[in-house]
Amino acid sequence: MTTSTDIKTREITRIVQGEITIEGGGFQVRRPFPTRALDHVDPFLLLDEAGPIQHKPGDEDGLPDHPHRGFETLTYVLEGETRSHDSTGFVDDFHAGDVEWTTAGRGIIHGGGPTAYTAVHGGSMRGFQIWVNLPAAKKMIPPQSLRIAAASIPIIENAEDGYKLKVLGGEAAGVRGPINTTWPILYLHYTVQPGGHAILDAPAGQNIMLYVFGGGVSVGKEASRLVAGQLGILSDGDQLAIANTSDEIAELLVLGAEPIGEPVARYGPFVMNTREEVFQAFDDFNAGKIGS
């Protein structure tokens, strides 16, 4: 029988400051990894906080078409709207709360930009993109893209403890999210009111991290502080505890998964297990075998 004294609370072992960089058609992202400070957190390959990306009326610039192979991407729209298309024939508009789930697998070419409405009237978009690695046995699965509608993402409201939780992927408080990536992940969005706190079961053996994008939180029994723009990598344990001791609303993502534990060879848009496989991806792209 497990008692409270047997529960090991996860603590912050490392804080990584997100770096500002320019992507695509010239929009700004804040990137905790991959950077010179941190390459990846298995199985997560990239975390970008994008925008707000501002579009003036008549502006059709966006994310130019580009290839991927060997992983999956999740684009979570926080504010505004955007349009996405790819070489499988997929095209759709995404609005606040929606998620685009793309399996690059053996290869996909995709891009995006303003919706028809934004191109005429102007507007903005803010959101996140994460890359989730695929194990070697799954890297060449067929590509696909899906839109996960905001209405299908469960929200847990806990007024007593002062937080709201959107369960995008994985499970929290007995609620499962609709994103079921090929390699299972935990993907949560917490909004914590001043004075609020939350406790999350976080099974031992998983890599768990927090990214704060509004306000700040204290983490674990040590109450280590994490503020907007910072990624906190956590120790192993059974439980995650966060608290907002400030007078400002805190917004954060919780990402977690069991590590894949395989070699990672990457260059630009391709993530494989060996350099030779990366070179082959470039050859296939140049030969038109990834799509158009």
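Placed above this text is the structure.
All of the points below concern the structure found in this document. None of the values given here were measured: they were computed from a predicted structure. (Residues numbered from 1 in each chain as written. Predicted model: local features only at pLDDT ≥ 70, side-chain atom pairs only at ≥ 80, totals over all residues. Heavy atoms only, no water.)

**What to know about the packing of aromatic side chains**
Here comes step 1: If you walk through the whole model with that rule in mind, you get eight aromatic pairs.
Here comes step 2: Geometrically, the ring pair formed by Y76 and Y187 is edge-to-face, given 6.2 Å between the ring centres and 80 degrees between the ring planes. Note that Y76 is positioned in strand β6 (residues 71-86) and Y187 in strand β16 (residues 186-192), a separation of 111 residues in sequence.
Here comes step 3: Taken together, F128, Y211 and F213 form an aromatic cluster joined through their ring pairs. (Phe/Tyr/Trp six-rings, centres within 6.5 Å; stacked < 30°, edge-to-face > 60°. Helix = DSSP H or I, 4+ residues; strand = E, 2+ residues; numbered from the N terminus.)

**Describing the environment of F94**
Here comes step 1: Along the chain, the position of F94 falls in strand β7 (residues 91-95).
Here comes step 2: Judged by relative accessible area, F94 falls into the buried class, the value being 1%.
Here comes step 3: Residues F94 and P142 lie 48 residues apart in sequence; the distance between their C-alpha atoms is 23 Å.
Here comes step 4: Excluding residues within four positions of it along the chain, F94 makes contact with V77, G80, E81, T82, S84, V99, E100, L146 and R147. (Buried < 20%, exposed > 50% of the residue type's maximum accessible area, 1.4 Å probe, protein only. Contact = heavy atoms within 4.5 Å.)

**Looking at the pattern of salt bridges**
Pairing of side chains with opposite charge becomes possible as their charged atoms draw close.
Here comes step 1: Applying the stated rule across the entire model yields ten salt bridges.
Here comes step 2: Across the pair R69 and D284 runs a salt bridge, and its minimum N-O distance is 3.0 Å. Taken together, the residues R69 in the loop between β5 (63-68) and β6 and D284 in helix α2 (residues 275-286) connect sequence positions 215 residues apart. Exposure class is identical for R69 and D284. Each is buried.
Here comes step 3: Across the pair R147 and D92 runs a salt bridge whose closest N-O atoms are separated by 3.2 Å. With R147 in strand β11 (residues 144-148) and D92 in strand β7, this residue pair connects regions lying 55 residues apart in the sequence.
Here comes step 4: Taking the relative accessible area as the measure of exposure, R147 reaches 37% and is therefore partly exposed. (Salt bridge = Lys/Arg side-chain N within 4 Å of Asp/Glu carboxyl O.)

**Observations regarding the pairing of strand β10 (residues 123-133)**
Here comes step 1: Most of β10 is tucked away, with nine of its eleven residues classed as buried.
Here comes step 2: Here strand β4 (residues 44-55) pairs with β10 via nine bridges, running antiparallel. By the bridge assignment, A50 is partnered in β10 with G127.
Here comes step 3: Bridge count between β6 and β10: nine bridges; the pairing is antiparallel. Among the inter-strand pairings, E79 is bridged to a residue of β10, identified as R126. (Pairing = 2+ DSSP bridges.)

**A short note on the environment of S235**
Here comes step 1: Mapped onto the elements of the fold, S235 is located in the loop between β21 (230-234) and β22 (239-243).
Here comes step 2: Counting along the chain gives 225 residues from S235 to R10, while the straight-line C-alpha distance between them is 5.2 Å.

**Considering the sheet that holds strand β18 (residues 207-214)**
Across a sheet, paired strands are connected by hydrogen bonds in the backbone, their directions being either parallel or antiparallel.
Here comes step 1: Strand order in this open sheet of seven strands is β1-β21-β18-β23-β16-β13-β12, and the pairing throughout is antiparallel. Two strands in the sheet have a free side with no partner beyond their single neighbour: β1 (12-17) and β12 (155-158). Across the sheet, the mean angle separating the axes of adjacent strands is 20 degrees when strand polarity is ignored.
Here comes step 2: Relative to strand β23 (residues 250-257), β16 runs antiparallel, the two sharing seven bridges. Note on β23: the bridge partner recorded for L186 is G256. (Axes fitted to C-alpha atoms, helices over the stretch in contact; angles between N-to-C directions.)

**So, the environment of I108**
Here comes step 1: Mapped onto the secondary structure, I108 falls in strand β9 (residues 108-113).
Here comes step 2: I108 gets classed as buried once you look at its relative accessible area, which sits at 0%.
Here comes step 3: Not counting the four nearest positions on each side in its chain, I108 is found in contact with H66, P67, H68, D86, S87, T88, T102, T103, P143, Q144, S145 and I290.

**Let's talk about unusual backbone geometry**
Here comes step 1: For the peptide bond that leads from F33 to P34, omega is 5 degrees, which places it in the cis range.
Here comes step 2: Tracing the sequence through the fold places P34 in the loop between β3 (27-33) and β4.
Here comes step 3: Here the residue pair D42 and P43 is connected by a cis peptide bond, since its omega of 5 degrees sits within 30 degrees of zero.
Here comes step 4: Even without being a glycine, A173 presents a positive backbone phi close to 50 degrees.
Here comes step 5: Owing to a relative accessible area of 66%, A173 belongs among the exposed residues under this scheme.
Here comes step 6: Residue A223 is not a glycine yet carries a positive backbone phi of 55 degrees.

**Describing the sheet that holds strand β20 (residues 224-227)**
Here comes step 1: Taken in spatial order, the four strands make up an open sheet running β17-β22-β19-β20, and their pairing is antiparallel. Only two strands of the sheet have a single partner each, and these edge strands are β17 (197-201) and β20. Across this sheet, the average inter-strand angle for adjacent strands is 25 degrees, counted without regard to direction.
Here comes step 2: Of the pairings in the sheet, the one linking strand β19 (residues 216-219) to β20 comprises four bridges and is antiparallel in character. Note on β20: the bridge partner recorded for V217 is L226.

So far we have only geometry, and geometry alone does not tell us how the molecule works.
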